[in-house]
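The residues making up each chain are set out below.
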Amino acid sequence: MAPPPTATKVSEFNQKDNHWYCNAGLASDITIEIDNVFFHLHKFPLMSRCGKIASILEEFQNSQAEPFSTELVEFPGGSDTFLIVAKFCYGVRVELTPKNIVKVYCAADYLEMTEEYGEDNLLVKSESYFHKTVLPNWKDCVLSLQSSEPVTPRAEKLQIVSKCLSALSMMACTDPSLFGWPMMMYGSLQSPGGSILWNGINTGARIRSSESDWWFEDISSLSVPLFERLVQTMKSRGMRPEHLARAIMYYARKYLPGLGRWQSGEVGKTRTVFSMTPAVVDQRVLLESIERLLPEKKGKSFCRFLLGLLRVSMILEISPECRESLEKRIGMQLDMASLDSLLIPNYSDADTLYNTDCVERIVTHFLSSERNISLFSPSSLDLEASPSSESLRKVAKLIDDYISEIASDVNLKSEKLCSLAEALPDSSRSLHDGLYRAVDIYFKAHPWLSDNDKEKICNILDYQKLSIDACTHASQNERLPLRVVLQVLFFEQLQLRSALAGCLNTFDTESVPAGQTTAATDMAGQIIQRDGWVTVVRENQALKVNLESMKSRVGELEQEFGKIKQEMQKVVKSHSSLSSPRLLARKIGCKLLQQPSDQQSDTVESVVRSPRASVELARQSRHRKTSSLQ
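Every value quoted in this text rests on a predicted model; they were computed, and no experiment measured them.

What counts, and at which threshold
Residues numbered from 1 in each chain as written. Predicted model: local features only at pLDDT ≥ 70, side-chain atom pairs only at ≥ 80, totals over all residues. Heavy atoms only, no water. Helix = DSSP H or I, 4+ residues; strand = E, 2+ residues; numbered from the N terminus. Buried < 20%, exposed > 50% of the residue type's maximum accessible area, 1.4 Å probe, protein only. Contact = heavy atoms within 4.5 Å. Areas by Shrake-Rupley, 256 points an atom, 1.4 Å probe, with all protein chains shown as cover. Pairing = 2+ DSSP bridges. Axes fitted to C-alpha atoms, helices over the stretch in contact; angles between N-to-C directions.

Draft legend 1. Structural context of the overall build of the protein. Scanning the protein from terminus to terminus reveals 28 helices and seven strands. Buried positions account for 44% of the 630 residues belonging to the protein. Taking as baseline every contact in the protein between residues at least 6 positions apart, the subset at least 24 positions apart corresponds to 71%. Summing over all exposed atoms, the protein offers an accessible surface of approximately 34400 Å²; the carbon and sulfur share of this is 53%.

Draft legend 2. Representation of the environment of Ile34 in the model. Note on placement: Ile34 falls in strand S3 (residues 30-34). Accessibility expressed as a relative area gives 0% for Ile34, which makes it buried. Between the C-alpha atoms of Ile34 and Glu74, which are 40 residues apart in sequence, the distance is 8.1 Å. The residues touching Ile34, leaving out its near neighbours within four places in the chain, are Leu72, Phe75, Gly78, Ser79 and Phe82.

Draft legend 3. Structural detail: the pairing of strand S5 (residues 68-71). Covered by surrounding structure in S5 are Phe68 and Thr70 only, the residues Ser69 and Glu71 on the alternate face being uncovered. In this structure, S3 lies alongside S5, joined through four bridges in parallel fashion. Within the sheet, the bridge partner assigned to Ile30 lies in S5 and is Phe68.

Draft legend 4. Inspection of the sheet that holds strand S2 (residues 19-22) at higher detail. Ordered by their spatial adjacency, five strands build an open sheet running S1-S2-S4-S3-S5, and the pairing between neighbours is mixed. Among the strands making up the open sheet, the edge pair consists of strand S1 (13-16) and S5. Direction aside, the axes of adjacent strands within the sheet are offset by 20° on average. Of the pairings in the sheet, the one linking S3 to strand S4 (residues 37-41) comprises five bridges and is antiparallel in character. By the bridge assignment for S4, Ile32 is matched with Phe39.

Just distances and angles here, no functional claims.
Printed below as a string of structure tokens:
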């Protein structure tokens, strides 16, 4: 375009306060007002270039005395742009740049500066500069698109915005290596504007690194509506979903500072050689737009980003529809979530520390969703494939860890804990060790619970799915109700018997076919080696043997004491002499105390003949039978 005007020509226009004057040596005969700025100019230069001003002057030619005054309402670009137009009308050389071209283009269209009002008029010059200089160049196209915000309606009419979006999407979607464009050695192949030259021709493509995110920072300077339209245009041109998702994530992290607390991004790392002014965005509008733009894909980093968006959405109090959509997206890939990102604080006035209702809704969406969304490509977004057969198991483990983490909250209701645990079907958990750990933590944080309340909470546990380690811990856990401990011991015995029976069956190879013997051996080996409980079983057996021997000795002493009491009763009934009990006492080697009264005799008899001996004998015989089975 034309070089900048000289100092003498610029001096022909001067400003005093909010008034502009042209020092042409003639008195001003027309005053044009734009946004409370007054331009004191001359009719002929304006009428010869601007069709709109010529029409206004013809309409009001005889209706007003000199000088003529008019106001241009909603002039594109404001007073700064009109100054450029005025200089052009007076023959002053003006400079078109990527930052002012859109406004000048729209202003020339508004003033009808066509070829009818002079050759090589401003509208033709602007259109030529826009198509030949701006659209082929990445940097100029971004700058022009950003500067089009104040004149969006007229820019849309002239298709300036759509052409810029189409050009940017084409350059972003095109891999220059496919055309043999230079990638590493730039040298003289780089134009001053930062574009790549090929055989001396400006290709308009930006110098790109080997990464695919070279354009993220550039487009992040656009406003939310323009960014949304650009992403949609790129999607229609076949941009890969993972690239779009990463660009959206980059944009969101830049304008939603709350995401930085839970997300790791590269915000602020500029990859371009030119600076851009960040856009002014409404965070609520941005978040709702981001949710609409996100692709229906799944990935570990993507799921973490969605959970971060959900946190921010609760702070910003966005619409319930948008929040529900985020929860559904997270539910469809809950098997890829991590515990730390699932711990969503409760920002409302609720007593609990974490928002358990939200997590419960996400689990419900996980169970109700078809989970048929596809993964991103394995090379992007730090993805990890998750077989559908393992999704339920992963989510069950995640929820068990989540319940364990929130169980220490003293304000957490037992109903909410049980509701979270029962949200998943029984088939999702092969072991209930995680649930047992959560229940134990809850009992420790809530020592005031009664045994009845504890038993109701323990109903979420399946004691048959507790490992030997968990059973051993539960049998010695003083926080559990006695009834629960007894049930745990019962199922522990069943596990021990099953394991030992499996071991014994492996040695019985004569009556069992070879195939079944091998299967039984493998199963027994797995049971014995599971959770490393062989040592616990042996120690338990040794303790049981010592306990049985002690009970046996106590039983013998009680029997001997009972015989002595029977002999004493026989002596009393036979009305023998007082020496007889002493003789009997000497005979058995006991020292006789003072003679008890009848009442004392009855008391001793009642104590001796208490049911303790019979209960202990029955318990002794039961334990002996149990040990014989073991």
